[in-house]
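One letter stands for each residue in the lines below.
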Amino acid sequence: MFKINDNYLKLPGSYLFSNIAKKVAAYSEAHPEKADNIIRLGIGDVTLPLAPAVIDRLHGAVDEMADQSTFKGYAPDLGYEFLRTTIVENDYKTRGCDITADEIFVSDGAKSDSGNIGDIFSVDNKIAVCDPVYPVYVDSNAMAGRTGVYNPETEKWSNVIYMPCTRENDFCPELPEETPDIIYLCFPNNPTGTTITKDQLQVWVDYALKVGAVIIYDAAYEAYITSENVPHSIYECEGAKGCAIEIRSFSKNAGFTGTRLGFTVVPKDLKCGDVSLHSLWARRHGTKFNGAPYIIQAAGAAVYTEEGKKQTQEQIAYYMNNAKTIREGLVAAGYEVYGGVDAPYIWLKTPDNMKSWDFFDYLLEDLNVVGTPGSGFGPSGEGYFRLTAFGSAENTVKAMERIKSGKAD
Ligand code: PLP
């Protein structure tokens, strides 16, 4: 008789976005006249179409696939050289990071990579995560049997080190008392929209090198950084090549959420004893992944052309203008507001310590605005709420007018 991986049975239900959808649907059904008035600022998905330079290249690549002389079959496991070289030149060399093209592994996105990277580590490792957190890091480790037992009361796993990120520590995790083996960091952060300075990140790199831990650094929102002293890559920190894997995405910088492209950097210097993690990830990638599609990688390279850069930067500026609207609107309405300067997420403290879900109900029912309760990202998210800058400028302005006036119209 076959057996299942019963670690899956230990996972608590993923209620956050389905609960939100259910609540919005129930409200719309009960108040059909209000259904069209609802503004959604809960989504973490982009809304602008792909940039013209990307679309042009996609069309061109599709035509290449229609011609015998330019047709491409399987892509190289680790990604096309043209894309890996372009990534190195633009994302790393320009920032003084000594990363080479053969240390870049092209993939179908940061969710897959952050979920799959655990394959190359022993089940005995202890992970540390920020709280609140992008849920993939914890759930993928739970599936692997690395997290122990889930306690629904505390909403924590017994074998996970949680590093609270709250206003008390400026949303920057403190070094944990118990030593972890694998540390997940994500900056700029989802969900808090806050980030870390280069000096603060250097402390983590030094710590990981000292205790022999590896850092999985998720830089999916790197393109939103505007502040001077915020690192775009962990490899800007000294020694990071000896302790860090970096994960990047084309989803939020270039609108590839539905197109799918990302990459992971595994430096050759990163070793466990004599074994290089690079060789393990190359083996894993080559065995379980057959390459991102040629047309998508070609489109990804177009993001780095002069027009591609200009057009995608305009899109980011559009979203960040929404972020500014949200920040200023909330501040004017008397809220305590974080994030939204180097990230498309705004994290607000609920008024009078209202529970995150109660605040959700208030926004939906009284103002017809949808956001995301902070408690859905971890216990330290209770009492906070996330709004995103990915809506239309018009709706974002409207939502802030409602929040300021306390009325739906
Ligand atoms: N990492 C973080 C922190 C995210 O917030 C997201 C998406 O919201 C992802 C990764 C997923 O990125 P991708 O679309 O490349 O899978």
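Residues numbered from 1 in each chain as written. Predicted model: local features only at pLDDT ≥ 70, side-chain atom pairs only at ≥ 80, totals over all residues. Heavy atoms only, no water.

Engineer: So what exactly am I meant to see when it comes to the overall build of the chain here?
Structural biologist: What the chain contains, in helices and strands, is 13 helices and 17 strands. Relative to the compact-globule value of 22 Å for 409 residues, the chain shows a C-alpha radius of gyration of 22 Å, a close match. Referenced to the eigenvectors of the C-alpha coordinate spread, the extents of the chain come out at roughly 60 × 55 × 55 Å. When each of the 409 residues of the chain is scored for burial, the buried share is 53%. Sequence separation of at least 24 residues holds for 73% of the intrachain contacts in the chain that already meet a minimum separation of 6. For the chain, the distance from the average site of its 38 positive side-chain charges to the average site of its 55 negative ones is 2 Å. (Helix = DSSP H or I, 4+ residues; strand = E, 2+ residues; numbered from the N terminus. Rg over C-alpha atoms; globule rule 2.2 N^0.38 Å. Buried < 20%, exposed > 50% of the residue type's maximum accessible area, 1.4 Å probe, protein only. Contact = heavy atoms within 4.5 Å. Lys, Arg positive; Asp, Glu negative; His and termini not counted. Charge placed at Lys NZ, Arg CZ, Asp CG, Glu CD.)

Engineer: Help me understand the sheet that holds strand β6 (residues 160–164) in this model?
Structural biologist: Taken in spatial order, the seven strands line up as β2-β10-β9-β8-β7-β3-β6 in an open sheet, and their pairing is mixed. The open sheet terminates on both sides in strands that have one partner only, identified here as β2 (104–107) and β6. Averaged over neighbouring strand pairs, the angle between their axes works out to 20° when direction is ignored. Where strand β8 (residues 214–218) lies against strand β9 (residues 244–249), four bridges are found, and the strand directions are parallel. Bridge pairing in β9 links Y217 to E246. Across the sheet, helix α9 (residues 277–288) is in contact with β2, β8, β9 and β10 (262–265); its angle to β2 comes to roughly 25°. (Pairing = 2+ DSSP bridges. Axes fitted to C-alpha atoms, helices over the stretch in contact; angles between N-to-C directions.)

Engineer: Hey, could you run me through the nonpolar core in this one?
Structural biologist: In summary, soluble globular proteins display a tendency toward joint burial of nonpolar side chains. L185, I215, F256, L330 and L387 are the most contacted members of the largest nonpolar core, which totals 92 residues. With six residues, the top contributor of residues to this core is helix α11 (residues 306–332). Each residue touching L387, except ones within four places of it in the same chain, is listed here: L41, I326, L330, P344, Y345, I346, L348, L363, V370, G371, M400 and I403. In this structure, I127, V133, V138 and C186 belong to the second largest nonpolar core, which totals 25 residues. (Core = buried A, V, L, I, M, F, W, Y, C linked by side-chain atoms within 4.5 Å.)

Engineer: How should the sheet that holds strand β14 (residues 345–349) be read in this particular structure?
Structural biologist: Sheets are built from strands paired through backbone hydrogen bonds, the pairs being either parallel or antiparallel. What the four strands build is an open sheet, ordered β13-β14-β17-β16; its pairing is antiparallel. Of all strands in the sheet, those with a lone pairing partner are β13 (336–339) and β16 (372–373), marking the two edges. In the packing of helix α12 (residues 356–367) onto the sheet, the strands contacted are β14, β16 and β17 (384–388), and the crossing angle to β17 comes to about 45°.

Engineer: I would appreciate a short explanation of the site of the ligand in the present structure.
Structural biologist: Near the ligand you find 14 residues, and of these D218, Y221, S249, S251 and R260 are the closest. At a separation of 2.5 Å, an oxygen atom of the ligand approaches a polar side-chain atom of S251. The contact in question runs from an oxygen atom of the ligand to an N or O atom on the side chain of K252, over 2.8 Å. Isolated, the ligand exposes 400 Å² of accessible area, and the fraction of that covered by the protein chains is 91%. Contributing elements (two or more residues each) for the shell around the ligand: α5 (110–116) and α8 (251–254). (Near = heavy atom within 4 Å. Polar contact = N/O pair within 3.5 Å; in protein donor to acceptor, adjacent residues only side chain to side chain. Areas by Shrake-Rupley, 256 points an atom, 1.4 Å probe, with all protein chains shown as cover.)

Engineer: Looking at this structure, how should I read a nonpolar patch on the surface?
Structural biologist: A contiguous nonpolar patch, built from M1, F2, I4 and L9 and spanning about 590 Å² of accessible area, is present on the exposed surface. With respect to the helices, strands and loops of the structure, M1 is situated in the segment before α1 (7–10). Residue classification places M1 among the exposed positions, given a relative accessible area of 89%. (Patch = residues over 30% accessible without salt bridge, like charges linked within 9 Å, V, L, I, M, F, W, Y side chains within 5 Å. Salt bridge = Lys/Arg side-chain N within 4 Å of Asp/Glu carboxyl O.)

Engineer: Is there a simple way to think about the packing of aromatic side chains in this case?
Structural biologist: Between two aromatic rings, the relevant description is the distance of the centres plus the angle of the planes. If you walk through the whole model with that rule in mind, you get 26 aromatic pairs. Both rings, one in Y80 and one in Y294, keep their centres 5.3 Å apart while their planes meet at 75°; by these two values the pair is edge-to-face. Pair noted here: Y80 is in the loop between α3 (52–65) and α4 (81–92) and Y294 is in helix α10 (residues 294–302), with a separation of 214 residues, a long-range link. Since its relative accessible area comes to 8%, Y294 is described here as buried. Between F359 and Y362 the ring centres are 5.9 Å apart and the planes differ by 45°, which places this aromatic pair in the tilted class. Separated by three residues within a single helix, F359 and Y362 lie in helix α12, roughly one turn from each other. (Phe/Tyr/Trp six-rings, centres within 6.5 Å; stacked < 30°, edge-to-face > 60°.)

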